[in-house]
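# Summary of the model geometry
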Amino acid sequence: MLIAADKFKGSLTAVEVAEHVTAGLRRVVPELDVAAVPVADGGDGTTAAALAAGFTRHEARVTGPTGEPVTATFALREDGTAVVEMAEASGLQHLPKGVFAPLTATTYGTGELLLAALDAGATSIVFGVGGSATTDGGAGMLSALGARFLDADGAPVGPGGGGLRELATADLSGLDARLARTEIVLASDVDNPLTGPKGAPAVYGPQKGASPEDVAVLDGALAHFAEVLERVVGSKAAEHALAPGAGAAGGIGYGALVGLDAAFRPGIDVMLDVLGFAPALARATFVITGEGSLDEQTLHGKAPAGVAAAARAAGIDVVAVCGRLQLSQEALSGAGIQRAYALTDLESDPARSMAEAGPLLERSAELLARDFLV
């Protein structure tokens, strides 16, 4: 039995999900052979999944999205592979409760976190992006790595996407030389372009406190950012602005593609490779996956869909556990998931379901075991 589930956001980490599912299964089948590979899709929780897979924990003091210092974690393996999660430095969790900064939040700390990984010996970096408080196109990140973004007076532009309105010139020549020798993979479940109706400001800006007026400002500022970079690095700046993943995490995907020569890959594909999922799957006869909410987004590159696709290709049955289920049985079957067990089937009050997620998940696992293992 292989448990390969993502976190239940706001309730349980991926490791805790596996622990509770295991406990429930073994109440029904005490001698059951269970293995766990906690998974993530590049968003928040990615570093935790890498640490659970045996990576070494490292911490760095970096600049948070509003300029206050925060402690951020990254994961490093002996072979030089690092997992860096931008939300650790520039995520929504670092904003004062209920206070957003849509125009000024910066990814500078993410750049500092990448530097810390290089200093620790990273030779390849899985750069997970998601859960950001920012919409600055990665300009802050690139600044921390040695780039310069100046206004007409030759002074650095202000922080955040709003500051890019004043951008007159850009200089990427000062980027840390180690970056050119480092393989960087942009891991994301988002394939949005940088700007436009499906771009970072329009689609994700409101989640970060952006008003309709702010969205318009940010969209124009990021478009201007791309135009200035085109003068510096050529046509690839415009091409990358339209590329899948450019709009990830407030456009930090764009900064990684243009400035760091990163390669975009769906986050779950990258993480399954890094976390050693294939060898674990080869030993499995049954797979349990899941996440907090199984919904339409799950079908577009989220962890359970990636796990189910790999298991189905190997001819292995898959069921899922989740906090809430918003997919039809037809949609589940199409994704390769035979059945899903939702906590809300046991506790209809969403608040209580989240608060009691662990015990409820164990009960769900008992039901699963009776249905499939007895």
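In what follows, the structure referred to is the one given above.
Rules of the game
- Residues numbered from 1 in each chain as written.
- Predicted model: local features only at pLDDT ≥ 70, side-chain atom pairs only at ≥ 80, totals over all residues.
- Heavy atoms only, no water.
- Helix = DSSP H or I, 4+ residues; strand = E, 2+ residues; numbered from the N terminus.
- Salt bridge = Lys/Arg side-chain N within 4 Å of Asp/Glu carboxyl O.
- Buried < 20%, exposed > 50% of the residue type's maximum accessible area, 1.4 Å probe, protein only.
- Pairing = 2+ DSSP bridges.
- Axes fitted to C-alpha atoms, helices over the stretch in contact; angles between N-to-C directions.
- Phe/Tyr/Trp six-rings, centres within 6.5 Å; stacked < 30°, edge-to-face > 60°.
- Core = buried A, V, L, I, M, F, W, Y, C linked by side-chain atoms within 4.5 Å.
- Contact = heavy atoms within 4.5 Å.

### A look at unusual backbone geometry
Positive phi is not limited to glycine here, since alanine 249 has a value of about 50°. Along the chain, alanine 249 turns up in helix H10 (residues 248-259). Look at aspartate 261: it is not a glycine, yet its phi comes out positive at around 55°. As for its position among the elements, aspartate 261 is in the loop between H10 and strand E10 (263-266).

### Examining the pattern of salt bridges
Within the structure shown, the criterion is met by 16 salt bridges. The closest approach of N and O atoms between glutamate 59 and arginine 57, which form a salt bridge, is 3.2 Å. Ionic pairing is found between aspartate 273 and arginine 265, a salt bridge with its closest N-O pair at 3.0 Å. Judged by its relative accessible area of 33%, arginine 265 is partly exposed.

### Brief notes about the sheet that holds strand E4 (residues 69-76)
What the 6 strands build is an open sheet, ordered E3-E4-E5-E6-E9-E10; its pairing is mixed. Either end of the sheet is taken by a strand with one partner, and the two such strands are strand E3 (56-63) and E10. In this sheet, adjacent strand axes meet at a mean angle of 30° when their direction is disregarded. With 4 bridges joining them, strand E9 (residues 183-188) and E10 adopt parallel strand pairing. Residue alanine 187 lies in a different strand from E10, and its bridge partner there is arginine 265.

### Let's talk about the packing of aromatic side chains
All told, the structure shown has 3 aromatic pairs when counted by the stated rule. On the numbers, 6.0 Å between centres and 75° between planes, the contact of phenylalanine 225 with tyrosine 254 is edge-to-face. Note that phenylalanine 225 is positioned in helix H8 (residues 212-233) and tyrosine 254 in helix H10, a separation of 29 residues in sequence. Here tyrosine 254 falls in the buried class, since its relative accessible area comes to 0%. Ring centres of phenylalanine 286 and phenylalanine 372 lie 5.6 Å apart, and the angle between their planes is 50°; on these two criteria the pair is classed as tilted. Here phenylalanine 286 is found in strand E11 (residues 286-294), whereas its partner phenylalanine 372 is found in helix H16 (residues 357-372), with 86 residues between them in sequence. Judged by its relative accessible area of 9%, phenylalanine 286 is buried. An aromatic cluster is built from Phe149, Phe225 and Tyr254, whose rings are joined through pairwise contacts.

### Some thoughts on the nonpolar core
Within soluble globular proteins, side chains that are nonpolar generally end up buried alongside one another. Counting 57 residues, the largest nonpolar core has Ile125, Phe127, Met141, Phe149, Leu229, Tyr254 and Leu260 as its most contacted members. It is H10 that contributes the most residues to this core, 7 residues altogether. Counting 38 residues, the second-largest nonpolar core is a separate cluster that includes Leu2, Val37, Ala308 and Val318.

### Observations concerning the sheet that holds strand E12 (residues 317-325)
Taking strand neighbours across the sheet as the criterion, the 5 strands line up as E2-E1-E11-E12-E13 in an open arrangement whose pairing is parallel. Each of the sheet's edge strands pairs with one partner strand only, and the pair in question is strand E2 (35-36) and strand E13 (340-342). With 2 bridges connecting them, strand E1 (residues 2-3) and E2 associate as parallel partners. Looking at the pairing, isoleucine 3 lines up with alanine 36 of E2. Packing of H16 onto the sheet brings it into contact with E11, E12 and E13, and relative to E13 it is tilted by some 150°.

### Examining the pairing of E11
With respect to burial, E11 is a largely interior element, 8 of its 9 residues being buried. As paired strands, E1 and E11 are joined by 2 bridges and run parallel to one another. Looking across to E11, one finds that leucine 2 is bridged to valine 287. Where E11 meets E12, 8 bridges bridge the pair, whose relative direction is parallel.

Distances and angles like these do not, on their own, reveal function.
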